[in-house]
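# An overview of the molecular structure
Chain residues, written in single-letter form:
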Amino acid sequence: MLYVSLACRLALVAVMTLAAVSKLRSPGVFAASLEGFDFIPARLRSPLAVLVPVAELLIALLLAVPPTVTIGFVLATLFCCGLTAVPILVLVRGKTVKCACFGASEVPMSGWHVARNAVLLGAAGLGTLVALRLGDGAPAHAPGIALAVVAAGLLTTLIVFVDDIAALFESPVAVGDLGR
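About the thresholds
Residues numbered from 1 in each chain as written. Predicted model: local features only at pLDDT ≥ 70, side-chain atom pairs only at ≥ 80, totals over all residues. Heavy atoms only, no water. Axes fitted to C-alpha atoms, helices over the stretch in contact; angles between N-to-C directions. Helix = DSSP H or I, 4+ residues; strand = E, 2+ residues; numbered from the N terminus. Parallel < 35°, antiparallel > 145°, perpendicular 65-115°, else oblique. Left-handed = near helix turned anticlockwise from the far one by under 90°. Nonpolar A, V, L, I, M, F, W, Y, C, P; charged D, E, K, R; others polar. Phe/Tyr/Trp six-rings, centres within 6.5 Å; stacked < 30°, edge-to-face > 60°. Lys NZ or Arg CZ within 6 Å of the ring centre and 35° of its normal. Buried < 20%, exposed > 50% of the residue type's maximum accessible area, 1.4 Å probe, protein only. Polar contact = N/O pair within 3.5 Å; in protein donor to acceptor, adjacent residues only side chain to side chain. Contact = heavy atoms within 4.5 Å. Patch = residues over 30% accessible without salt bridge, like charges linked within 9 Å, V, L, I, M, F, W, Y side chains within 5 Å. Areas by Shrake-Rupley, 256 points an atom, 1.4 Å probe, with all protein chains shown as cover. Salt bridge = Lys/Arg side-chain N within 4 Å of Asp/Glu carboxyl O. Disulfide = S-S within 2.5 Å.

Next up on the list: the packing of helix H4 (residues 69–92) against helix H5 (residues 111–134). For any two helices packed against each other, the geometry is given by the interaxial angle and the distance between the axes. With their axes 8 Å apart at the nearest point, H4 and H5 run at an angle of 160° to one another. In terms of axis orientation, H4 runs roughly antiparallel to H5. The handedness of the crossing between H4 and H5 is left-handed. Taken together, the residues that form the contact of H4 with H5 break down as 17 nonpolar, nine polar and no charged.

Before going further, it helps to examine the packing of aromatic side chains. Taken as a whole, this structure holds two aromatic pairs when the rule is applied. The cationic tip of Lys-23 hangs over the ring face of Phe-30; the distance from NZ or CZ to the ring centre is 5.2 Å.

Inspection of the secondary structure assignment puts Lys-23 in helix H1 (residues 2–25). Overall, Lys-23 belongs to the buried group, its relative accessible area being 4%. In this structure the side chain of Lys-23 is engaged in a polar contact, spanning 3.0 Å, whose partner is the backbone oxygen of Cys-101.

Our focus in this paragraph is the packing of H1 against H5. Between H1 and H5, the least distance of the axes is 9 Å, while the angle of their chain directions is 135°. In terms of orientation, H1 and H5 fall into the oblique class. For the pair H1 and H5, the sense of crossing is left-handed. Where H1 approaches H5, its residues Leu-2, Val-4, Ser-5, Cys-8, Leu-12 and Val-15 are matched on the opposing element by Leu-120, Ala-123, Ala-124, Leu-126, Gly-127, Val-130 and Leu-134. For the contact of H1 with H5, the class distribution of residues is 11 nonpolar, two polar and no charged.

Another aspect to go through is a nonpolar patch on the surface. On the surface, Met-1, Val-4, Leu-126 and Leu-134 cluster together into a nonpolar patch covering about 330 Å² of accessible area. If you trace the backbone, Leu-126 turns up in helix H5.

Within the structure shown, the criterion is met by zero disulfides. For Cys-80, which is in no disulfide, the shortest distance to another cysteine sulfur is to Cys-81 and amounts to 7.6 Å. Since its relative accessible area comes to 39%, Cys-81 is described here as partly exposed.

Keep in mind these values describe shape, not function.
Structure below.
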């Protein structure tokens, strides 16, 4: 189970770091995207534009340092609960809000974003269960570690590129209809 925990840790560290860096590189883009969330009070949107990437970096740091892995997983689970609730609320309210989770995007939130965040929540929850049961230890065998690294890389890629993957399943544009 420590190999599963390692894969979850690595994926969460990568995803949280990439998400935070993209938000911090273009803080105006993320802050502007929050305007579409009518369920978030206007006075909280500016602080959230700063607090969300800071929380993502804190979680990544806690998961990266062995003595703080368990608390990192617990915080990641709580954070991912919120991340999963956001696109659900957007969809339930019938709003069209662009997802700026990994930088500027023209893709509105959809069920794909709910699924992506649910996968993150699952990784955080599974990591939490393993960490609470077995502690913050690290696995010792190189083949298992290598497999965990590959699994984390694949999971990270799927999560970060969910918009591109979703586009593969959209209806193609007819030959005579070039988007007009």
